[in-house]
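Chain residues, written in single-letter form:
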Amino acid sequence: MKGIITADVVGSTKIPLEKREILPNTLQELAGELQKFSVLKLEMYRGDSFQVVVDSYEKTILIAVLLRIGLMRKSPDSEYLIDARMSVGIGEVGFESQSVGQSDGEAFVFSGRAFEKMGKKRLVIQTANTKVNEELTVLVSVLDDLLSDLSLSKSETVFEYLLHPDATQADIAARLRKSQPTINVALRTSKADTMCLILRRVEYVLLNYLKK
């Protein structure tokens, strides 16, 4: 069982031409950083769409969240935040090729179907279990709302907070060259602790209630 993230960048055409390299460079950089949580493979298509295969399926939502926030924090300015629509599918992968686009299985189907139906949402999830889907839909919807409210400065702080769960606020402050009170306010107003609670619950549900 694996996790599949199907995504496209929202409003990528608004990124100035001279800064378009931000997308591929940032995604490749993120793919490397997020290997700490799971082996994963990321492949880009048409410049603004991408797909990710996550071996540790229970970590897929965490990785999707960090990809979204990781893109936000690289935005050219605070008036336009780079964001992405992401559809997560959890299930079996029947055939896995060296190329993500040539791989196949129910996880890819779930991710693709949910992506087509997600409308204005920017984060959705689907599995083969209806009851699991019911709970995860609520959790992921709240998470999506919290992510959509992030500002550029807060995205930098929340990214570090989620990427380094054992780091103190002082550690994050030093890494971002900000004051500890500034970090505290950013984490509190962005409801970063609530994000962590939701992410832990999502992981628990996937590990304990999704039939392997």
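For the structure itself, look to the data block above.
Remember, it's a predicted structure, so these values are computed and weren't measured experimentally.

Chemist: Where do I start with unusual backbone geometry in this structure?
Modeler: Negative phi is the rule for most residues except glycine; trans is the rule for most peptide bonds. For Arg 177, which is not a glycine, the phi torsion comes out positive at approximately 60 degrees. In this structure, Arg 177 sits in the loop between α6 (169-176) and α7 (180-189).

Chemist: Would you mind showing me how to read the packing of helix α5 (residues 152-163) against α6 here?
Modeler: Packed helices, taken two at a time, are described by the angle their axes make and the gap between the axes. The interhelical angle for the contact between α5 and α6, taken along N-to-C directions, is 125 degrees, at an axis separation of 10 Å. By the angle between their axes, α5 is oblique relative to α6. α6 is crossed by α5, and the crossing has right-handed handedness. Touching Glu 156, Thr 157, Glu 160 and Tyr 161 of α5 are Ile 172, Arg 175 and Leu 176, all from α6. Among the residues making up the contact of α5 with α6, the classes are represented as 3 nonpolar, 1 polar and 3 charged.

Chemist: For this particular structure, what's the right way to read the packing of aromatic side chains?
Modeler: A ring pair, where both rings are aromatic, is described by two values, the distance of the centres and the angle of the planes. Evaluation of the coordinates by the stated rule reveals 1 aromatic pair. The ring of Phe 159 has Arg 73 sitting right over it, with the charged end atom 3.9 Å from the ring centre. It is Arg 85 that lies over the ring of Phe 115; its NZ or CZ is 4.6 Å from the centre.

Chemist: Explain the side chain of Ser 49 here, please?
Modeler: On the secondary structure map, Ser 49 appears in strand β3 (residues 49-54). You can call Ser 49 buried: its relative accessible area is 9%. Within polar-contact distance, the side chain of Ser 49 engages the side chain of Asp 48 at 3.5 Å. Apart from the residues within four sequence positions on either side, Ser 49 is in contact with Ala 7, Asp 8, Glu 43 and Met 44.

Chemist: Would you explain the sheet that holds strand β4 (residues 83-91) in this entry?
Modeler: On the basis of which strands lie adjacent, the open sheet formed by 5 strands has the order β2-β3-β1-β4-β5 and mixed pairing. Either end of the sheet is taken by a strand with one partner, and the two such strands are β2 (40-45) and β5 (123-126). Between one strand axis and the next, the sheet turns through 15 degrees on average, direction left out of account. One ladder, built from 6 bridges, connects strand β1 (residues 2-10) with β3; its direction is antiparallel. If you follow Thr 6 over to β3, its bridge partner there is Gln 51.

Chemist: Which parts of the structure should I look at to understand the nonpolar core?
Modeler: Nonpolar side chains in soluble globular proteins tend to be buried together. Ranked by size, the top nonpolar core spans 61 residues in total, and within it Ile 5, Phe 50, Ile 61, Val 65, Leu 67, Met 86 and Leu 143 carry the most contacts. The element that contributes the greatest number of residues to this core is helix α2 (residues 60-72), accounting for 10 residues. The contact partners of Leu 143, leaving out residues within four places of it in the chain, are Ile 61, Val 65, Leu 123, Met 195, Ile 198 and Leu 199. With 5 residues, the next largest nonpolar core counts Val 53, Val 93, Ala 107 and Phe 108 among its residues.

Chemist: What am I meant to see in helix α4 (residues 130-148) here?
Modeler: In an α-helix there are 3.6 residues to a turn, and that puts residues three or four apart on one side. Between the first and last C-alpha of α4 there are 26 Å, a value that for 19 residues agrees with the 27 Å anticipated at 1.5 Å per step. Looking at the packing, one finds that the buried side of α4 touches α2, β5 and α8 (192-209). Its side-chain oxygen at 3.0 Å from the backbone nitrogen of Lys 131, Asn 129 defines the N-terminal cap of α4.

Chemist: Would you mind showing me how to read the pattern of salt bridges here?
Modeler: Here the idea is simple: oppositely charged side chains can pair when their charged atoms come close. In the structure shown here, the tally under the stated rule is 12 salt bridges. For Lys 2, the salt bridge goes to Asp 55, with nearest N and O atoms at 3.3 Å. On the criterion of sequence distance, the pair formed by Lys 2 in strand β1 and Asp 55 in the loop between β3 and α2 is long-range, its members being 53 residues apart. A salt bridge links Asp 8 to Arg 85, with the nearest nitrogen and oxygen atoms 3.2 Å apart. Pair noted here: Asp 8 is in strand β1 and Arg 85 is in strand β4, with a separation of 77 residues, a long-range link. The residues Asp 8 and Arg 85 share a single accessibility class, namely buried. Three or more residues are tied together by salt bridges with common partners; here these are Glu 29, Glu 33, Arg 73 and Lys 74.

Rules used throughout
- Residues numbered from 1 in each chain as written.
- Predicted model: local features only at pLDDT ≥ 70, side-chain atom pairs only at ≥ 80, totals over all residues.
- Heavy atoms only, no water.
- Helix = DSSP H or I, 4+ residues; strand = E, 2+ residues; numbered from the N terminus.
- Axes fitted to C-alpha atoms, helices over the stretch in contact; angles between N-to-C directions.
- Parallel < 35°, antiparallel > 145°, perpendicular 65-115°, else oblique.
- Left-handed = near helix turned anticlockwise from the far one by under 90°.
- Contact = heavy atoms within 4.5 Å.
- Nonpolar A, V, L, I, M, F, W, Y, C, P; charged D, E, K, R; others polar.
- Phe/Tyr/Trp six-rings, centres within 6.5 Å; stacked < 30°, edge-to-face > 60°.
- Lys NZ or Arg CZ within 6 Å of the ring centre and 35° of its normal.
- Buried < 20%, exposed > 50% of the residue type's maximum accessible area, 1.4 Å probe, protein only.
- Polar contact = N/O pair within 3.5 Å; in protein donor to acceptor, adjacent residues only side chain to side chain.
- Pairing = 2+ DSSP bridges.
- Core = buried A, V, L, I, M, F, W, Y, C linked by side-chain atoms within 4.5 Å.
- Expected span 1.5 Å × (residues − 1).
- Salt bridge = Lys/Arg side-chain N within 4 Å of Asp/Glu carboxyl O.

These results come straight from atomic positions and should not be treated as a statement about function.
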